[in-house]
Amino acid sequence: MGPRLTYAHWLGTVARPPVAPRHRTPHPTPPTPLRPTDFRTPAIFRHPRRGRTVGRARRSAVHRTTHSGQRTRGSHRVSGESETTLLRDAVGLREVLFQSITAMAPAAAIAASIPSGAAFAGGSLPLSVLVALVACLFTASCVAELARHLPAAGSVATYSAQGLHPTVGFLVGWGYVFVEALVPALLLLQLGFTTAGTLHQEWSSYPADLWWPWSLLGAVVIALAGYFGVRASARFGTVLGIFEVLVFVAFAVLLIGQAGSDNTLSVFGTSHTADGFDGISGIFAGSVYTVLAFAGFEAAAPLAEETKNPRRTMRRAVLGAALSIGLVYVLTTYAMSVYFGPDKFSGFGASGAASWEGIARASFGLFWVLLFLAVVNSTVANANACANVSTRTAFALGRIGVFPQAFARLHPRRRSPVTGVAAQFVIAVGATLGLGFGYDPVTAFVLLATVIVTVIIGVYIVVNLACAGYFLRRRRDAFNPVLHLLFPVLGIAAFVPALLTAAGIPAFDFVSELSAPVSYAGPIVGVWMLIGIVVLLVLVRRHPERVAQTGRIHLDEAPEAVVDIEAGAEQR
């Protein structure tokens with residue numbers, strides 16, 4: 001082990017911009033010392049100009065020995081920290097873009113979340129969605145800027161540690177991994193009661209309360225995707241994400257065509273708001289509920305250590321997901337508003353005849369089947385994406401010792417965090433069945449949703465602060481007053497009303513207090529964070545260097561001489 005770090009050492013080491021380390025000679029492994037040349041491809045197999053391996057070194061079956069004496073084969077990279085290193089360059093922009101897109105659950109948001117704002121914005125809901133998009137882009141920009149400079153599996157925890165303080169980073173990571181581990185349970189509940197309800201509606205002989213087999217099936221699929229590694233889970237999410245987006249975009253185009261002369265840009269004004277919420281007040285109320293549909297755009301960030309060119313790719317993925325899905329939200333909401341009728345749109349909701357599925361059933365034949373499959377697909381894709389987030393965040397915290405180090409255990413060949421995947425499966429199944437049978441699946445869904453959204457929005461607010469803090473304190477050379485000061489302030493202003501709304505704090509007249517058991521969400525979050533504070537105090541007293549490492553960027557410390565046998569990649 002290296003020397004123990006105190007907070008004074010920590011603050012001294014991160015005061016300057018991170019500099020890529022020079023190539024270091026690996027530590028010898030007794031009793032037989034190894035030299036750096038032992039890990040290089042012989043010159044006879046290198047390209048004479050570019051240094052790429054050729055001939056026999058390209059064969060995927062060729063084995064190499066790592067610094068620790070382990071042997072790898074195929075496309076697995078060889079490095080000095082192979083036991084605690086995720087699979088490098090495993091995914092690209094497409095996969096991480098859809099990691100964020102599927103974490104936003106666009107189909108479920110369009111069908112269930114966004115319509116809740118119609119009770120306030122009425123037919124002007126498209127304007128509320130547009131306002132929410134602009135507001136969310138402020139925070140997405142902050143996350144993207146931090147992801148470009150701090151590519152780490154710890155993501156929001158690392159950002160907060162670097163921008164504010166390592167203790168804040170620990171608490172952010174503590175809360176973030178908690179709710180991200182609960183998201184799959186939330187989606188499995190929705191998968192269960194949506195599928196069971198639809199089957200019962202079509203075939204009355206199917207029991208409406210037989211929801212749990214579908215939830216268990218979804219849990220198994222997600223666990224298998226996680227076990228087979230980031231390539232499998234990310235590509236699986238890409239396919240699912242493309243399907244759900246295409247279905248709703250196609251239906252929106254169909255609705256716009258059917259609306260004909262009723263198409264109007266007046267829905268982007270304030271003339272169609274609901275009764276009692278005239279003018280801008282209705283737009284604001286509708287946008288507060290719509291903001292919640294954007295949660296998840298940051299989900300690409302924890303895959304930074306497994307992504308090609310992460311400093312560039314992460315930024316494009318986070319901003320691209322927020323912008324592209326925001327525009328899809330605007331398009332679909334506009335289409336349904338002009339088709340249904342702007343002046344009666346305040347009666348539109350998430351279920352019944354005045355809903356996406358109801359309209360499809362009444363006027364478009366079997367198209368409702370595609371919408372149903374898209375929503376079911378969305379639950380699985382979202383659960384898969386958030387399982388990736390929770391397992392990578394737990395891996396990052398386990399790697400530095402603030403979580404049990406078992407969470408840093410990786411599959412020897414697939415490089416997937418197998419302990420995290422197993423823990424995620426147990427938590428998802430336990431929460432799904434425990435809350436689903438303890439209450440009912442719908443009530444359990446609302447309770448978990450309240451817990452999750454409350455913490456996620458709180459994390460967004462802290463990350464906005466961290467963005468300003470990081471560039472003001474540590475990267476003044478890269479500081480931009482618009483990107484790194486104005487946008488964080490606007491992002492906080494946009495999410496504070498959403499936080500109060502999600503928590504049921506009646507700071508506005510359109511916010512209702514939560515009733516039991518949904519009102520238990522606040523105490524649940526409070527107890528979990530209190531436990532986190534106790535754990536933090538113990539760590540600060542006994543292992544302060546572990547808390548300090550919350551802001552560590554492992555990619556900047558990786559050895560430069562890394563061999564990719566199958567791809568013949570150049571050295572970093």
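Only a predicted model underlies this, so the values are computations on that prediction, with no experimental measurement involved. (Residues numbered from 1 in each chain as written. Predicted model: local features only at pLDDT ≥ 70, side-chain atom pairs only at ≥ 80, totals over all residues. Heavy atoms only, no water.)

## Some thoughts on the environment of Leu530
Put simply, the rule is: Helical segments are the DSSP runs of H or I of at least four residues, strand segments are the runs of E of at least two, and each set is numbered from the N terminus. Buried means the residue's accessible area, taken with a 1.4 Å probe over protein chains only, is under 20% of the maximum for its type, while exposed means over 50%, and partly exposed covers the values in between.
In this fold, Leu530 is placed in helix H17 (residues 521–542). Leu530 sits in the exposed class, given a relative accessible area of 53%.

## Observations regarding the confidence of the model for the chain
Note the cut-off: Per residue, pLDDT measures the predictor's confidence, with a range of 0 to 100. Pairs of residues are marked as contacts when any of their non-hydrogen atoms sit within 4.5 Å.
Residues of the chain with pLDDT of at least 70 account for 82%, and the chain-wide mean is 83. Between residues 22–82, whose pLDDT stays under 50, and residues either more than four places distant or in other chains, the model counts 103 contacts. Residue range residues 558–572 is modelled with pLDDT below 50. Its contacts to residues more than four positions away, or to other chains, number 40 contacts.

## Remarks on the nonpolar core
Worth spelling out the cut-off: Here, the term nonpolar core denotes a set of buried Ala, Val, Leu, Ile, Met, Phe, Trp, Tyr and Cys residues that are joined through side-chain atoms within 4.5 Å.
Phe248, Phe251, Tyr329 and Met336 are the most contacted members of the largest nonpolar core, which has 128 residues in total. Sorting elements by how many residues they give to this core places helix H15 (residues 441–473) first, with 17 residues. Setting aside residues no more than four positions away along its own chain, Met336 makes contact with Phe251, Leu255, Gly341, Phe345, Phe348, Trp356 and Ile359. With 12 residues, the next largest nonpolar core counts Val177, Leu397, Ile400 and Leu539 among its residues.

## Digging into empty space enclosed by the protein
This is how the line gets drawn: Of the two site types, the cavity is a set of points on a 1 Å grid over the protein atoms alone where a 1.4 Å probe fits but cannot get out, and the pocket is an open set with protein on both sides within 12 Å along at least five of seven lines, each lined by residues with an atom within 4 Å of a point. Grid points are joined across faces, edges and corners, and a volume is the space filled by probe spheres set on the points. Residue polarity is assigned by list, with Asp, Glu, Lys and Arg as charged and Ala, Val, Leu, Ile, Met, Phe, Trp, Tyr, Cys and Pro as nonpolar; anything else, Gly included, falls into the polar class.
Applying the stated criterion across every chain, the model contains 4 cavities of 30 Å³ or more. If you go around the largest cavity, you meet 15 residues; those closest to its centre are Ile222, Ala223, Ala387, Val421 and Gln424. Residue contributions to the lining of the largest cavity peak at 5 residues, all from helix H13 (residues 367–399). Each residue belonging to the lining of the largest cavity can be placed in one class, and the counts come to 9 nonpolar, 5 polar and 1 charged. Mapped by element, the contributors of at least two residues to the lining of the second largest cavity are helix H6 (156–163) and H13. Broken down by element, the lining of the second largest cavity gets its largest block of residues, 3 residues, from H13. Its residues placed into classes, the lining of the second largest cavity shows 6 nonpolar, 5 polar and 3 charged.

## Considering the environment of Phe277
On the secondary structure map, Phe277 appears in the loop between helix H9 (230–259) and helix H10 (280–291). In this structure the C-alpha to C-alpha distance between Phe277 and Gly122, which are 155 residues apart in sequence, comes to 9.1 Å. Phe277 has contacts with Ala119, Phe120, Gly282, Asp509 and Phe510, leaving out every residue within four places of it along the chain.

## Section: helix H12 (residues 356–363)
Listing the buried residues of H12 in full gives Trp356, Gly358, Ile359 and Ala360. Where H12 is buried, its residues touch helix H3 (106–113), H9, helix H11 (310–340) and H13. Just downstream of H12, Gly365 is the residue with a positive phi angle, here 60°.

## Here we look at the packing of helix H2 (residues 93–103) against H11
What counts is decided by this rule: A fitted line through C-alpha atoms represents every axis, and for helices the fit uses only the stretch in contact; the resulting angles, taken between N-to-C directions, go from 0 to 180 degrees. Roughly parallel means an angle under 35 degrees; roughly antiparallel means over 145; roughly perpendicular covers 65 to 115; every other angle is labelled oblique. Handedness of a crossing follows from how the near helix is turned relative to the far one, being left-handed for an anticlockwise turn of less than a right angle and right-handed for a clockwise one.
The contact between H2 and H11 brings their axes to 8 Å, and the two run at 45°. Of the possible angle classes, the one that applies to H2 and H11 is oblique. The crossing of H2 and H11 is right-handed. In contact with Leu93, Val96, Leu97, Ser100 and Ile101 of H2, H11 contributes Thr313, Met314, Arg316, Ala317, Gly320, Ala321, Ser324 and Ile325. Among the residues forming the contact of H2 with H11, the class breakdown is 8 nonpolar, 4 polar and 1 charged.

## Some thoughts on unusual backbone geometry
A negative phi angle is the norm for most residues apart from glycine, just as the trans form is the norm for most peptide bonds. Cis geometry marks the peptide bond from Ala516 to Pro517; its omega dihedral reads 0°. Within the secondary structure layout, Pro517 lies in the loop between helix H16 (481–502) and H17. Even without being a glycine, Asp89 presents a positive backbone phi close to 55°. Here Asp89 lies in the loop between strand S2 (71–72) and H2. In the Ramachandran plot, Asn309 falls in the positive-phi region, its phi being about 45° despite a non-glycine side chain.

## Topic: the side chain of Glu244
Rule in force here: Charge counting treats Lys and Arg as positive and Asp and Glu as negative, with His and both chain ends excluded. Counted as salt bridges are all cases of a side-chain nitrogen of Lys or Arg within 4 Å of a carboxyl oxygen of Asp or Glu. The term polar contact refers here to a pair of N or O atoms within 3.5 Å; inside protein, the definition further demands a hydrogen-donor-capable atom paired with an acceptor-capable atom, and it admits residues adjacent in sequence only when both atoms are side-chain atoms.
Following the sequence through the fold, Glu244 ends up in helix H9. Although Glu244 lies buried, it forms no salt bridge, and the closest oppositely charged side chain, Arg94, sits 15 Å away as judged by the N-O distance. A polar atom in the side chain of Glu244 sits 2.9 Å from the side chain of Ser378. Ignoring anything within four residues of it in the chain, the contact list for Glu244 reads Thr102, Ala105, Pro106, Ala107, Ala374, Asn377, Ser378 and Ala381.

## Topic: H13
The condition is simple: The span one expects for a helix is its residue count, reduced by one, times 1.5 Å.
Taking 1.5 Å of rise per residue, the 33 residues of H13 would be expected to cover 48 Å, and the 48 Å separating its terminal C-alpha atoms lies within 8% of that figure. Summarising burial for H13: 30 of the 33 residues are buried, a large majority. Of the residues flanking the end of H13, it is Gly401, one or two places downstream, whose phi is positive at about 90°.

## Focus on the side chain of Glu95
Among the secondary structure elements, Glu95 is positioned in helix H2. Among the residues examined, Glu95 registers a relative accessible area of 6% and is labelled buried. Of the polar contacts made by the side chain of Glu95, one reaches the side chain of Arg94; its length is 2.8 Å. Here Glu95 is in contact with Ala234, Arg235 and Thr238, once residues within four sequence places are set aside.

## Let's talk about the packing of aromatic side chains
The description of two aromatic rings rests on the distance between their centres and on the angle between their planes. For clarity, the threshold we go by: Note on ring pairs: Phe, Tyr and Trp rings are taken, using the six-membered ring of Trp, and paired if centres are within 6.5 Å. Classes follow the plane angle, with under 30 degrees stacked, over 60 edge-to-face and the rest tilted. Only lysine NZ and arginine CZ atoms are considered, and such an atom sits over a ring when it is within 6 Å of the ring centre and within 35 degrees of the ring normal.
On inspection of all chains with the given rule, the structure shows 24 aromatic pairs. With a centroid separation of 5.4 Å and an interplanar angle of 75°, the aromatic rings of Tyr227 and Phe228 are classed as edge-to-face. Judged by relative accessible area, Tyr227 falls into the partly exposed class, the value being 33%. Between Phe251 and Phe367, the aromatic rings sit 4.8 Å apart at their centres with planes inclined by 25°, giving stacked as the arrangement. Here the residue Phe251 occupies a position in helix H9, and Phe367 occupies one in helix H13, the gap between them amounting to 116 residues. The exposure classification of Phe251 matches that of Phe367, with both residues buried. By way of ring pairs, the aromatic residues Phe170, Trp174, Phe178, Phe403, Phe407 and Trp528 are connected into one cluster. Cation over ring: Arg361 sits above Trp368, and NZ or CZ is 3.7 Å from the ring centre.

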